[in-house]
Amino acid sequence: MKHAVSKLVVAYAVEHTNDHLIICNTNRNKIRRQHLIQWYRNNELIPVIVHFDIPDDVLLKRVQTSTRKTNIFRFASNFEEVLARQCEDAKDDDIQEPNENEADYFFRITHEMDTDLVIHKIQEIVSSQFEN
């Protein structure tokens, strides 16, 4: 159901707005990610991947101190469980990190300080599209 709703929202945004889309890390499966990127290209969108390559120990510290509400979870009681599941899932052959050949633009964030630079570069990409 979640996938169907997400797909509907994306399709609506593509067909009826000029809005930009930011898709989260749910696209860890390479084959599904490639299908999604091809769908974007078929709909004249520019795929941009921002890969957050943050060390697990940094992520663990963040989730341990998180004050975000956890009532959004269906299968976990806290962010530590989500991180543990994602780390375990990463061992699956279908789960592969994205690379620079998959999208028109690729950015890798390895440290918190990378974020502002990547945001600026994406803003430049968006601005250049409106100039054309």
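Residues numbered from 1 in each chain as written. Predicted model: local features only at pLDDT ≥ 70, side-chain atom pairs only at ≥ 80, totals over all residues. Heavy atoms only, no water.

**Student:** Before we go on, may I ask you to explain the confidence of the model for the chain in this structure?
**Tutor:** If pLDDT is low for a region, its predicted coordinates should not be looked at in detail. The share of residues in the chain with pLDDT of 70 or more is 94%, and the mean pLDDT across the chain is 85. No element of the chain has a lower mean pLDDT than helix α1 (residues 2-16), at 81, and none a higher one than strand β2 (residues 105-109), at 93. (pLDDT = per-residue confidence, 0-100. Helix = DSSP H or I, 4+ residues; strand = E, 2+ residues; numbered from the N terminus.)

**Student:** What is the right way to look at the nonpolar core in this model?
**Tutor:** Within soluble globular proteins, side chains that are nonpolar tend to cluster in buried spots. Counting 5 residues, the largest nonpolar core consists of I54, F107, I109, V118 and I125. Of all the secondary structure elements, the ones that give two or more residues to this core are β2 and α5 (114-131). When residues no more than four places from it in sequence are discounted, the contact partners of F107 are V48, I49, V50, H51, V118, K121, I122 and I125. (Core = buried A, V, L, I, M, F, W, Y, C linked by side-chain atoms within 4.5 Å. Buried < 20%, exposed > 50% of the residue type's maximum accessible area, 1.4 Å probe, protein only. Contact = heavy atoms within 4.5 Å.)

**Student:** Looking at this structure, how should I read the packing of helix α3 (residues 56-64) against helix α4 (residues 79-89)?
**Tutor:** A pair of packed helices is captured by two measures, namely the crossing angle of their axes and the spacing between those axes. Where α3 meets α4, the closest approach of the two axes is 8 Å, and the angle between their N-to-C directions is 155°. On the basis of their axis angle, the class for α3 and α4 is roughly antiparallel. The two elements α3 and α4 meet at a crossing, and its hand is right-handed. Here D56, L59, L60, V63 and Q64 of α3 lie close against α4, whose contacting residues are F79, E80, L83 and C87. Its residues assigned to classes, the contact of α3 with α4 comprises 6 nonpolar, 1 polar and 2 charged. (Axes fitted to C-alpha atoms, helices over the stretch in contact; angles between N-to-C directions. Parallel < 35°, antiparallel > 145°, perpendicular 65-115°, else oblique. Left-handed = near helix turned anticlockwise from the far one by under 90°. Nonpolar A, V, L, I, M, F, W, Y, C, P; charged D, E, K, R; others polar.)

**Student:** I tried to follow the pattern of salt bridges on my own but got confused; where do I start?
**Tutor:** In a structure, side chains of opposite charge can pair up when their charged atoms sit close to one another. Counted under the stated rule, the structure contains 6 salt bridges. For E102, the salt bridge goes to R33, with nearest N and O atoms at 2.7 Å. Of this pair, E102 sits in the loop between α4 and β2 while R33 sits in helix α2 (residues 30-42); the two residues are 69 residues apart in sequence, bridging distant segments of the chain. Both residues of the pair, E102 and R33, belong to the buried class. Of the charged contacts, one joins E88 and K91 as a salt bridge, the two residues approaching to 3.2 Å between their closest N and O atoms. When its relative accessible area of 62% is taken as the criterion, K91 is described as exposed. Overlapping salt bridges, with partners in common, bring together D53, E97 and R108 in one network. (Salt bridge = Lys/Arg side-chain N within 4 Å of Asp/Glu carboxyl O.)

**Student:** What am I meant to see in the side chain of E102 here?
**Tutor:** Owing to a relative accessible area of 8%, E102 belongs among the buried residues under this scheme. Among the polar contacts listed, one links the side chain of E102 to the backbone nitrogen of N99, at a separation of 3.1 Å. In contact with E102, not counting residues within four places along its chain, are K30, R33, Q34, I37, R41, I49 and E97. (Polar contact = N/O pair within 3.5 Å; in protein donor to acceptor, adjacent residues only side chain to side chain.)

**Student:** What is the right way to look at a negative patch on the surface in this model?
**Tutor:** A cluster of like negative charges, contributed by D89, D92, D93 and D94, occupies part of the molecular surface. For D94, the position within the fold is in the loop between α4 and β2. Taking relative accessible area as the criterion, D94 reaches 42% and is therefore assigned partly exposed. (Patch = residues over 30% accessible without salt bridge, like charges linked within 9 Å, V, L, I, M, F, W, Y side chains within 5 Å. Areas by Shrake-Rupley, 256 points an atom, 1.4 Å probe, with all protein chains shown as cover. Lys, Arg positive; Asp, Glu negative; His and termini not counted. Charge placed at Lys NZ, Arg CZ, Asp CG, Glu CD.)

**Student:** Please explain the side chain of N29 as it appears in this structure.
**Tutor:** In this fold, N29 is placed in the loop between α1 and α2. In this structure the side chain of N29 is engaged in a polar contact, spanning 3.1 Å, whose partner is the backbone nitrogen of I31. Engagement of the side chain of N29 in a polar contact is seen with the backbone nitrogen of R32, the distance being 2.9 Å. Excluding anything up to four places from it in sequence, N29 contacts D94 and I95.

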